[in-house]
Amino acid sequence: MTDNPYLAHRKDLKKASSSSQPLLGFIPRKVKGEQVRKALPHTAQYRKILEARKKLPVFAQMDEFLAMFSHNQIIVMVGETGSGKTTQIPQFVAFSDLPHTKGKLVACTQPWRDIAISMAKRVAEEMDVDLGCEVGYSVRFEDMTEPGKTFLQYMADDTLLREAMNDPNLTRYSTIILDEAHERTLATDILMALLKDLAKRRADLKIIIMSATLDALKFQKYFGLSKKSTAPLLKVPGRTYPIEVFYTQEPEPDYFEAVIKTVLMIHRAEDPGDILVFLTGEEEIEDACKKIKLEADDMVNQNPDSVGPLVCIPLYPSLPPQQQQRIFDPAPSTVSPSGPPGRKVVVSTNIAETSLTIDGIVYVVDPGFSKQQVYNPRIGVMFILVTPISKASAQQRAGRAGRTRPGKCFRLYTEKDFIRELEEQTYPEILRCNLSITVLELLKLGIKDLIRFDFVDAPSAETLMRALALLNDLAAIDDEGNITALGRTMAEFPLDPQLSKMLIASPELKCSNEILTITAMLSVSNIWVRPANAQREADEAKALLLVPGSDHLTLINVFNQYLQHKYDKNWAWQNYVSGRALAQAENVRDQLQRTMERLGIDVVSLSGRKELYQNVRKALVIGFFMQVAHKDGKTGYCTVKDGQSVALHPSCCLISQPEWVLFNEFILTTRPYIRTNTDIRGEWLLELASHYYDLSSFPDSGTKRALQRIAKRNGKPGGISRGGAPASRKQRKR
Ligand code: CDP
Ligand code: MG
């Protein structure tokens, strides 16, 4: 028997609850902690989880939280990672708000889509309900909720932002919780601005800003009712044990090697306790796991009496959820009862910094780096760089060591570097990314004066101008900065503007089927698998899938082959491609196709392959004409307009070094590379993007001269429609 009001619908409980009062006389937003504690599930199965939940610091402050929530429209909340903010607060809110009685939802946003999913799973379990029913999640390309039934929805922050575009009042929600606000992702930052404004229009909407770091004053001030007042703060006291921090004496020449060495040193010499290592990305993490495992196994074999077994678990956002769950597994047990204890090593990106809490971590190894997006508005190029972390990040990382008992943090840099070289805080994403899609979304919302828009941290005017210029080049906005009909349609797609433009233009070139596939394939993580111990085999397998002259056409080929062999379990594995990434691409493609159908955009293909492939290349030019490089010298390339020297990435399939190359990505590793490339023709640039390739305004360069030669040879270029695809032949003749 239960008196959990949320379980009243369940078949097995229906009888019991209908005889009692299902809602216990709860009055929305006047609910007291005492009532909630009474209403929690009482089944034996959940008592155990409940006991653990009751020990969370947030739980001890339930009364204080509910009182503050009842009396204020906006509250800011800070608490150490692991204090129970993400899993508990949305439940408290649901109990207080009773959203299901009003047909509304409580939303809790997360910066990472996979964390939104795993939190929804955990909370459904805690509440004894089915995932996707009362508690669900909604992330880009995946909606696991049931309209009318779901009342608590975890979601990716960008998903809520997109929803705000179509419903600026966010009418579905009674409370919106922006979680991990300290991460300062672009979407969370924009949502803060939109919610601040929305709060004035919707007095019934409640807003909670949750953060793991102590500099919440910024949010309090931002959400203050007047210039002088601040939003109320609920502080959950931390409960960490002391952490000893060690630095290296000298800077480490190779942080990766230093990580391996340190982990093995801990395993050999330190007391029992699990290790958390921070590295920068998937490949590095998988590599580290293999190396650590190999060396640790050697150590165990040599000294079975003094060294215990070790398991190494990778953790990064693109890992399948079941594998992500492995981080919660207990450490391996000893081989013999009296043998040395086993140890668990989790090797993670910075998602373990604040979003996930792994209990039992006693040692943290921090090389001091993370991967960050950096955008250079001057040249309009975004790249992902391995950069030093901030002091705030370093502190968070160290904090992970003291959850269950006193811990140790090994920083693989000198104390002097920590003090002098690290920035205080990580720069918010809004200050270091390309804003074109966000600007388009804001314009669609009717926010035109972006320079005076109330950002938490305003991006530079240069970045905003660059975004506007790109949208203007794509004809998504007119010269006065007004959003065009094309721009509105583009904003319907959760895609970069170049991709949505190309997709919308593709039916005129009779290749929207193919462009749809390319777009989906570009929207998922890397599809190629190239294990360190089978690189040659992987390259040979890839060579068989290549379409000469185009990485984009190669993506189409891989996708089509995948569909043909969909029921052959071994196909992906034998061909060194990621079956999971391809399945994801298939899902993304379905969703995009539905959006196209809703908007009346045809999904078509030409029948002749040669002409079809030619048109696919042209459609690529319509979206990505600003991302083109011209051959410069024997092997080098030079990007048009900004004249950056670049090289084709080693993974690129263009062997013949064509004169003009369209690229999808500019990346900076050992040198500047362009990746995912297609051989195109110079005349297409003049023909399909004449406004951009207006040679009178073009900087003098080898590229300009080459284009001038083409223009001369072809006579004056013409027949260009700025709105989308080239004008039809008939129009061109006129
Ligand atoms: O959000 P915050 O960092 O304050 O804490 P939380 O994510 O709500 O986590 C509270 C507790 O739940 C921690 O001890 C986590 O380890 C635990 N948890 C879990 O065991 N399994 C999950 N899938 C999520 C959280
Ligand atoms: Mg959290």
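Residues numbered from 1 in each chain as written. Chains lettered and ligands numbered in written order. Predicted model: local features only at pLDDT ≥ 70, side-chain atom pairs only at ≥ 80, totals over all residues. Heavy atoms only, no water.

Q: I tried to follow the coordination of the magnesium ion (ligand 2) on my own but got confused; where do I start?
A: Those protein atoms acting as donors to the magnesium ion (ligand 2) are Thr86 (OG1) and Glu180 (OE), and they sit at 2.0 to 2.6 Å. Of this pair, Thr86 sits in helix α6 (residues 85–97) while Glu180 sits in the loop between β6 (173–178) and α10 (186–201), and the two are 94 residues apart along the sequence. Accessibility expressed as a relative area gives 8% for Thr86, which makes it buried. (Donors = N, O, S within 2.8 Å, 3.2 Å for Na, K, Ca; no water. Helix = DSSP H or I, 4+ residues; strand = E, 2+ residues; numbered from the N terminus. Buried < 20%, exposed > 50% of the residue type's maximum accessible area, 1.4 Å probe, protein only.)

Q: Would you mind going over the environment of Leu685 with me for this structure?
A: By the element assignment, Leu685 lies in helix α28 (residues 682–688). In this structure, the C-alpha to C-alpha distance between Leu685 and Tyr154, residues 531 residues apart in sequence, is 44 Å. Non-local contacts of Leu685, meaning those with residues more than four positions away in its chain, are made with Val621, Phe625, Val628, Trp660, Ile680, Ser690, Tyr693 and Leu707. (Contact = heavy atoms within 4.5 Å.)

Q: Help me understand the side chain of Thr86, please; the structure alone is not making it clear to me.
A: Within the structure, Thr86 has its side chain in polar contact with the side chain of Asp179 (distance 2.6 Å). Not counting the four nearest positions on each side in its chain, Thr86 is found in contact with Gln110, Met119, Tyr154, Asp179, Glu180 and Met210. (Polar contact = N/O pair within 3.5 Å; in protein donor to acceptor, adjacent residues only side chain to side chain.)

Q: Teacher, can you tell me more about the sheet that holds strand β11 (residues 310–315) here?
A: Backbone hydrogen bonds are what pair the strands of a sheet, in a parallel or an antiparallel way. Spatially, the six strands line up as an open sheet ordered β9-β16-β13-β10-β12-β11, and their pairing is parallel. The sheet is open, and its two borders are formed by β9 (243–247) and β11, each paired with just one other strand. Between one strand axis and the next, the sheet turns through 20 degrees on average, direction left out of account. Two strands pair when backbone bridges link them, and strand β10 (residues 274–278) and strand β13 (residues 361–366) are joined in this way by four bridges, in the parallel orientation. Of the residues in β13, the one forming a bridge with Asp274 is Ile361. Against the sheet, helix α12 (residues 255–269) makes contact with β10, β11, β12 (343–348), β13 and β16 (407–411), and its axis sits at roughly 155 degrees relative to β13, the strand it touches most. (Pairing = 2+ DSSP bridges. Axes fitted to C-alpha atoms, helices over the stretch in contact; angles between N-to-C directions.)

Q: Which parts of the structure should I look at to understand the layout of surface pockets?
A: In this approach a probe as big as a water molecule rolls over the atoms, and the regions it shows empty are the leftover space. Estimated volume of the second largest pocket: approximately 1,100 Å³. Taken together, 42 residues line the second largest pocket, and the ones lying closest to its centre are Arg122, Glu126, Phe328, Thr357 and Asp359. At the level of secondary structure, the elements contributing two or more residues to the lining of the second largest pocket comprise α3 (44–54), α6, α8 (113–127) and α14 (321–324). Tallied by class, the residues present in the lining of the second largest pocket amount to 13 nonpolar, 15 polar and 14 charged. (1 Å grid on protein atoms, 1.4 Å probe; cavity = no way out; pocket = protein on both sides within 12 Å on 5 of 7 lines; lining within 4 Å. Points joined across faces, edges and corners; volume = space filled by probe spheres on them. Nonpolar A, V, L, I, M, F, W, Y, C, P; charged D, E, K, R; others polar.)

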